[in-house]
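Each chain, written out:
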Amino acid sequence: MSAASIKESSATTPASEAPLLVVNDLKTYFKTDRGLVRAVDGVSFTLERGRTLGVVGESGSGKTVLSRSIMGLLPKRDVERSGSVKFEGVELVGADTSLMVEYWGDQMAMVFQDPMTSLNPVMRVGKQITEGLRQHLDISKDHANQTALALLSSVGIPEPERRLRQYPHEMSGGMRQRVMIAIAIACGPKLLFADEPTTALDVTVQAQILDLLQTQQRDRYMAMILVTHDLGVVAGRTDEIAVMYAGKVVEKAPTKVLFSNLRHPYTEALLSSIPKISDPSHTRLKTIGGRPPNLINPPSGCKFSPRCAYATDKCRTEEPPLSAPDSDGHQFSCWFPVELSAKQTAGVR
Amino acid sequence: MAGTGKAHLSQGETVLRIEDLFVEFPVGRSGLKVSAVAGISIDVREGETLGLVGESGCGKSTLGKAIMQIVTANSGQVLFGDIELTTLKGEELRQTRPRLQMIFQDPISSLNPRRRVGKIVREGLDIWKIGDEASRQAKVLEVLEVVGIDAEAAIGRRPHEFSGGQCQRISIARAVATEPRVIICDEPVSALDVSVQAQILNLLEDMKARYGLTLVFIAHDLAVVKNISDRVAVMYLGKLCEIATPDDLYASPAHPYTAALLSAIPVADPEVNPTLRGGVGGEIPSPLAPPSGCRFRTRCPLATEKCAEEEPQVQEVRPNHFVACHFPLAEGQDLPALEANIA
Ligand SMILES: Nc1ncnc2c1ncn2[C@@H]1O[C@H](COP(=O)(O)OP(=O)(O)OP(=O)(O)O)[C@@H](O)[C@H]1O
Ligand SMILES: Nc1ncnc2c1ncn2[C@@H]1O[C@H](COP(=O)(O)OP(=O)(O)O)[C@@H](O)[C@H]1O
Ligand code: SF4
Ligand code: SF4
Ligand SMILES: [Mg+2]
Ligand SMILES: [Mg+2]
């Protein structure tokens, strides 16, 4: 989405018709003793109601900071946040905490990677759900309890009455993640962030949780931002994918377009380094040499150039811009994008 | 296997042979016991990589640690070559250590943070007095270079100055320094990014070829296990379900649990609708009170009364393909859909 069309849509349309979320040139820097960490460095995208965006990248690429920055859940000190985050046309960058509190839970909510550390260990699960409900919806205790019961059943927890009285440690990892989802959707948010919601879980439980997120999202017409390092997780479950590298979106496209027509060498390398279940055993894996860049002193030019198989002198001196969307809505930032022949070797799992 | 039996054990010589191994952990003073490994027999052949997969808590790490004698088995044998490890004590057991090594999941915390990398890699050589001063130093430099670490620069630094992937390389260097016959790798790539994971998997293959190693490779990622293994064993709740070569096992699983596990793997293909792909309903039952008969029966779409009454014995369904199930799937037979019964 270009800057011009963003301005147009937010300036002239009433809030309810504005896109759900418009992020424009969002930057989030942390001041540290060693220097400025450019964790999110100019990210722009638009998310419509009911849609799912997958955000993919190696650890440290800025996925979590991006989600937290959109939600305004950042440390109070030593953070520089700039750019624009418009939620139904309302600007959230620079907004007061009092405004943000109205949005949290009510309009947007988050499911974190590790449910054990994000649930309160000394509070019964039921209370953790009803507290949020009563705070945001101003309903009676009884009503809140009834709603909590209904929520636990809707996220597939058997014997919800008994579970409401349990503490988090009395539940398995998968069960706790279901509780987290129940809490997150309790107030009917329009946007759900799921930050690596299944990374700590077994494949079997992972599949159950992802299915649950998907049905809840469809039933409630929520938009979702699904953050993960696993391209397998986002492939069948998102409308669009943004690939992040060193704080920037380096490629973004509708999911099917991305998998059938990837253009960025980093996306290609990421995809081909995953062992594929369809390959015979002992197939030599393709690797990406080196490590993700230091975000305090990133390399000049294209930040992927030190690890890129196609890098030239131009790549090392000039940073490629994110291209305008083509007719498929496909954008990428690369001077020498991957062509068809190379792509076919990348393949899928 | 999700029952017992030994039909799958090789008649010939094996590097490691585990028979009827049981490990139980008492729970506080309650008198209850976690049945973590419940009568497992398995062998590891010279030069192979044996993959071990299964859901969290099924006993993979406990089995690895019981082989290493880090946890004590309640009963059963662990034969390393012709030495029975479970009855060895003190000095005799210590003498086997350089030949049998283990690598752990969390690369950073498994290295002593106060020690310098040179010392960490040398430790085994010093403890077991392998070689003289000069040869130990040469060995340290050799193994660090081989795993892709700049040895001269690294030996004076401490683990926290390295990334997760580099720490895992250092762990591998430490493990191969004593020239072991067998290395047990417990989830060595689970904590790493996909890009680093690929580097470490390739490195393990290279180490195996260079030093003639035999590996036991524990992981929960089925694609990773397939990539590195010569045979794969599937575990469920302290029991073995199935053991076969990876290409055969993944193409035509005979145990309903293996079939269900395979169908739960996310596929990096947007044309595949993940919600229509089966998987396993419910959760793994408590190891405090495992189901009677076949331990998988509470989640198995094929379960019958017989499965509750009789523990299935391991049988060979195809050449070198062993399974413990009363009703193994035939080649090409699909698992019927599961009801989402959440236990
Ligand atoms: N020291 C211990 N005391 C009590 N119970 C234990 C102990 N170690 C393991 N267990 C239990 O034994 C069972 C098997 O655990 P184990 O760690 O071997 O599983 P795993 O297959 O390695 O799982 P994961 O994939 O999560 O690493 C589990 O129920 C676990 O809770
Ligand atoms: N509070 C903070 N202070 C300083 N640096 C931070 C802070 N939070 C995150 N970072 C840095 O920002 C970068 C992106 O982090 P993150 O968004 O957590 O990555 P991801 O979620 O993609 O793994 C990393 O280099 C991380 O170390
Ligand atoms: S711009 Fe150059 S270095 Fe960067 S990804 Fe494209 S080809 Fe590689
Ligand atoms: S069919 Fe019976 S024996 Fe086989 S896995 Fe299912 S429950 Fe176990
Ligand atoms: Mg993160
Ligand atoms: Mg383990």
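Quick caveat, the model's predicted, so the values are computed rather than measured.

The rules behind these values
- Starting afresh in each chain, residues are numbered from 1 along the sequence in its written order.
- Chains and ligands are labelled sequentially in the order written, the chains with letters from A and the ligands with numbers from 1.
- Two thresholds apply to this predicted model, a pLDDT of at least 70 for residue-level local features and 80 or more for giving and counting side-chain atom pairs, whereas whole-chain, interface and lining totals are computed over all residues.
- Remark: hydrogens and water are excluded; side-chain values derive from all non-hydrogen atoms of the structure.
- UniProt positions are given in the numbering used here, feature names are shortened, and annotations may be inferred rather than shown by experiment.
- Note on conventions: DSSP H or I runs of at least 4 residues are helices, E runs of at least 2 residues are strands, and numbering of each starts at the N terminus.
- A pair of strands is labelled paired if DSSP reports no fewer than 2 bridges between them.
- Contacts between residues were defined by any pair of non-hydrogen atoms, one from each residue, lying within 4.5 Å.
- Here the axes come from fitting lines to C-alpha atoms, over the contacting stretch only for helices, and the angles between their N-to-C directions go from 0 to 180 degrees.
- Proximity is defined per residue: any heavy atom of the residue falling within 4 Å of a molecule or strand makes that residue near it.
- Pairing of N or O atoms within 3.5 Å defines a polar contact, subject to two protein rules: one partner must be a possible hydrogen donor and the other a possible acceptor, and residues neighboring in sequence count only if both atoms are side-chain atoms.
- Computed with the Shrake-Rupley method and a 1.4 Å probe, the accessible areas treat only the protein chains shown as cover for residues.
- In this count, Pro and Cys sit with the nonpolar residues alongside Ala, Val, Leu, Ile, Met, Phe, Trp and Tyr, while Asp, Glu, Lys and Arg are called charged and the others, Gly among them, polar.
- Only buried Ala, Val, Leu, Ile, Met, Phe, Trp, Tyr and Cys residues count toward a nonpolar core, and they belong to the same one when joined by side-chain atoms within 4.5 Å.
- Categorising residues by exposure relies on relative accessible area from a 1.4 Å probe, with only protein chains included: less than 20% of the type maximum marks a residue as buried, more than 50% marks it as exposed, and the intermediate range marks it as partly exposed.
- Note on definitions: the grid is 1 Å and covers protein atoms alone; a cavity is a set of points where a 1.4 Å probe fits but cannot get out; a pocket is an open set with protein on both sides within 12 Å along at least five of seven lines; lining residues have an atom within 4 Å of a point.
- Grid points are joined across faces, edges and corners, and a volume is the space filled by probe spheres set on the points.
- Working definition: rings of Phe, Tyr and Trp (its six-membered ring) pair if their centres are within 6.5 Å, and the pair is stacked with planes under 30 degrees apart, edge-to-face with planes over 60 apart, and tilted otherwise.
- What goes into a patch is any residue over 30% in relative accessible area without a salt bridge, connected to like charges within 9 Å or, for nonpolar side chains (Val, Leu, Ile, Met, Phe, Trp, Tyr), within 5 Å.
- Salt bridges are defined by distance alone: a side-chain nitrogen of Lys or Arg within 4 Å of a carboxyl oxygen of Asp or Glu.
- In this scheme, a helix's expected span is set at 1.5 Å multiplied by one less than its residue total.
- Directions from the helix axis toward the C-beta atoms define the arc.

Feature annotation in UniProt assigns "domain: ABC transporter" (unreviewed entry) to the following positions: residues 16-262 of chain B. Within residues 16-262 of chain B, the helical portion is 39% and the strand portion 25%, while the C-alpha atoms at the span's ends are 28 Å from each other.

So, about the sheet that holds strand β2 (residues 33-44) of chain B. Residue and element names in this part refer to chain B. Taken in spatial order, the 4 strands make up an open sheet running β2-β1-β4-β5, and their pairing is antiparallel. Looking along the sheet, the strands with just one partner apiece sit at the ends: β2 and β5 (83-84). Summarising the sheet, strand β1 (residues 16-26) and strand β4 (residues 75-80) pair through 5 bridges and their orientation is antiparallel. Following the sheet pairing, Arg17 is matched in β4 by Leu79. The sheet contacts of helix α1 (residues 60-68) involve β1, β2 and β4, and relative to β1 the element is tilted by about 115 degrees.

Residues and elements named next belong to chain B. What surrounds ligand 1 is a group of 13 residues, the closest being Ser56, Gly57, Lys60, Ser61 and Thr62. Taking Cys58, its main chain carries an N or O atom lying 3.3 Å from an oxygen atom of ligand 1. When isolated, ligand 1 has an accessible area of 640 Å², and the protein chains bury 63% of it. Those elements that place two or more of their residues in the shell around ligand 1 are β2 and α1. Among the elements that line the shell around ligand 1, the one with the most residues is α1, at 3 residues.

Around ligand 4 sit 13 residues in total, of which Cys294, Cys300, Cys307, Cys325 and His326 of chain B are the nearest. Of the residues that constitute the shell around ligand 4, the class distribution is 10 nonpolar, 2 polar and 1 charged.

Below, the discussion takes up unusual backbone geometry. Residues other than glycine seldom take positive phi values, yet Ala246 of chain A does so here, at roughly 50 degrees. Looking at the secondary structure, you find Ala246 of chain A in the loop between β9 (240-245) and β10 (248-254).

Membership of the largest hydrophobic core comes to 100 residues, with the highest contact counts inside it found for Leu21, Phe45, Ile70, Met108, Leu191 and Ile225 of chain A. The element that contributes the greatest number of residues to this core is helix α8 (residues 173-185) of chain A, accounting for 7 residues. Ignoring sequence-local partners within four residues, the contact set of Met108 of chain A consists of Ile70, Met71, Phe87, Leu92, Met100, Tyr103, Pro189, Leu191 and Phe193 of chain A. In this structure, Val140, Leu215, Cys294 and Cys307 of chain B belong to the second largest nonpolar core, which totals 63 residues.

One can find Leu222 of chain B in helix α8 (residues 222-228). Measuring from C-alpha to C-alpha, the distance between Leu222 of chain B and Leu262 of chain B comes to 7.5 Å, with 40 residues separating the pair along the chain.

All names here are of chain A. Its volume calculated, the second largest pocket comes out at about 580 Å³. Surrounding the second largest pocket, 21 residues form its lining, Gly105, Met110, Gln128, Gly132 and Ile183 being those nearest its centre. Listed by contribution, the elements that provide at least two residues to the lining of the second largest pocket are β6 (108-111), α5 (125-137) and α8. In terms of residue class, the lining of the second largest pocket is made up of 13 nonpolar, 7 polar and 1 charged.

All names here are of chain A. The strand order across the open sheet built from 7 strands is β6-β7-β8-β3-β9-β10-β11, with neighbouring strands paired in mixed fashion. Two strands lie at the open edges of the sheet, namely β6 and β11 (331-332), each paired on one side alone. Note: strand β3 (residues 52-56) against strand β8 (residues 223-228), 5 bridges, orientation parallel. Each residue of the ladder has a partner; that of Thr52, found in β8, is Met224. Contacts from helix α2 (residues 63-71) reach β3, β6, β7 (191-195), β8 and β9 within the one sheet, and its direction differs from that of β6 by about 155 degrees. Strand contacts of helix α12 (residues 265-272): β3, β9 and β10, with the helix running at about 95 degrees to β9, the strand carrying the most contacts.

Attention shifts here to the packing of aromatic side chains. Residues and elements named next belong to chain A. For the structure shown, the criterion picks out 7 aromatic pairs over all chains. Between Phe87 and Tyr103, the ring centres sit 5.4 Å apart and the planes meet at 90 degrees, which makes this aromatic pair edge-to-face. Here the residue Phe87 occupies a position in strand β4 (residues 79-87), and Tyr103 occupies one in helix α3 (residues 97-103), the gap between them amounting to 16 residues. In this structure Tyr103 comes out as buried when scored by relative accessible area, which is 11%.

Looking now at a nonpolar patch on the surface. On the surface, Val27, Leu32 and Leu288 of chain B cluster together to form a nonpolar patch covering roughly 210 Å² of accessible area. Among the structural elements, Leu288 of chain B can be located in the loop between α10 (256-263) and α11 (305-309).

This paragraph deals with the side chain of Thr178 of chain B. All names here are of chain B. Within the element layout of this structure, Thr178 appears in the loop between α6 (164-177) and β7 (182-186). On the accessibility criterion, Thr178 (6% relative accessible area) is buried. Within the structure, Thr178 has its side chain in polar contact with the backbone oxygen of Pro98 (distance 2.8 Å). If near-sequence neighbours (up to four positions away) are discounted, Thr178 is found in contact with Pro98, Gln101, Gly124, Leu125, Trp128 and Ile130.

A few words now on helix α6 (residues 141-154) of chain A. Residues and elements named next belong to chain A. Under the 1.5 Å per step criterion, the end-to-end length of α6 is 20 Å for 14 residues, consistent within 8% with the ideal 20 Å. Looking at α6, one finds that the buried residues are Ala144, Ala148, Leu151 and Leu152. All buried residues of α6 lie within an arc of 95 degrees about the axis, which places them on one face of the element. The exposed residues of α6 that point more than 90 degrees off its buried face are Asp142 and Gln146. Looking at the buried residues of α6, the elements they touch are α5, α7 (160-164), α8 and α9 (203-220). At the exit of α6 stands Gly156, carrying a positive phi of roughly 80 degrees.

Looking now at α9 of chain A. All names here are of chain A. Taking 1.5 Å per residue as the helical rise, α9 with its 18 residues ought to reach 26 Å, and the 26 Å between its terminal C-alpha atoms agrees with that figure. The element α9 is extensively covered by neighbouring structure, given that 13 of its 18 residues are classed as buried. Tyr221 occupies a position one or two residues after α9 and carries a positive phi of about 55 degrees.

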